[in-house]
Amino acid sequence: MPVVINGTTGVTTPDITAPTTSLGSLNGGQLSGMRNKIINGKMEIAQRGTSFAALSGGVYSLDRWSNFNAGTTAVITASQQADTPSSNEFQHSLRYAVTTADTSIAAGDVLGVRQIIEGYNSRDLIGRTFTLSFWVRSSKTGTHCVAFKNAADRSFVVEYTINAANTWVYRDWE
């Protein structure tokens, strides 16, 4: 790898150049840098275990995935499963099962699964269009939500519909 030395500051910076192939160039566009901001999106890494009963808020299950809850009395169990969409590259999924339902849901009650993406890992998305895509399966039909939220006071929520229970569905938004 050629190294460029800045004579003024003495700082070295790598200059990586990959040739253009039939697959395109790695130097720019969609293939450059870290394309996927989600770590362990294939749910393969489970250093803490593969099953987690009665998760409380902020507890991690599979690596990089945690749950959040506020105000709810619902109890959930998380587990790594071999149940995945057919004919794709995934071998595992993350299942959240409600073992005790909240029978009196209040306005501030929240329960969900999340991955925290550190600011430096997502700063290249600022002011750019990007795509969120995922596979989802639910035993409950109806409206579900996915959200982006900063650490302070801003969020963006997108609703999606599950039309058929217990069926894998691919969702994406740009």
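About the cut-offs
- Residues numbered from 1 in each chain as written.
- Predicted model: local features only at pLDDT ≥ 70, side-chain atom pairs only at ≥ 80, totals over all residues.
- Heavy atoms only, no water.
- Phe/Tyr/Trp six-rings, centres within 6.5 Å; stacked < 30°, edge-to-face > 60°.
- Helix = DSSP H or I, 4+ residues; strand = E, 2+ residues; numbered from the N terminus.
- Buried < 20%, exposed > 50% of the residue type's maximum accessible area, 1.4 Å probe, protein only.
- Pairing = 2+ DSSP bridges.
- pLDDT = per-residue confidence, 0-100.
- Contact = heavy atoms within 4.5 Å.

### Considerations on the packing of aromatic side chains
One pass over the structure, following the stated rule, counts five aromatic pairs. Ring centres of Phe130 and Phe148 lie 5.5 Å apart, and the angle between their planes is 85°; this geometry places the pair in the edge-to-face category. With a gap of 18 residues between them, Phe130 in the loop between α1 (119-122) and β8 (132-136) and Phe148 in strand β9 (residues 142-149) connect regions that are remote in the sequence. Given a relative accessible area of 35%, Phe148 falls into the partly exposed group. A ring pair is formed by Tyr160 and Trp173, whose centres lie 6.0 Å apart and whose planes are at 55°; its orientation type is tilted. Of the two residues, Tyr160 sits in strand β10 (residues 155-162) while Trp173 sits in strand β11 (residues 169-173), which places them 13 residues apart along the sequence. Exposure remark for Tyr160: the relative accessible area of 10% places this residue in the buried category. Connected via pairs of aromatic rings, a cluster forms that spans Phe134, Tyr160 and Trp173.

### Some points on the sheet that holds strand β5 (residues 75-81)
Read across the open sheet, the three strands follow the order β3-β5-β6; overall the sheet is antiparallel. Two strands lie at the open edges of the sheet, namely β3 (51-52) and β6 (93-100), each paired on one side alone.

### Considering the confidence of the model for the protein chain
Averaged over every residue, the pLDDT of the protein chain is 79; the share at 70 or more is 80%. Of all helices and strands in the protein chain, the one with the weakest mean pLDDT is strand β1 (residues 3-5) (39), whereas β10 scores best (91). A low-confidence stretch, residues 1-27 stays under pLDDT 50, and its non-local contacts, those more than four residues away or across chains, total 26 contacts.

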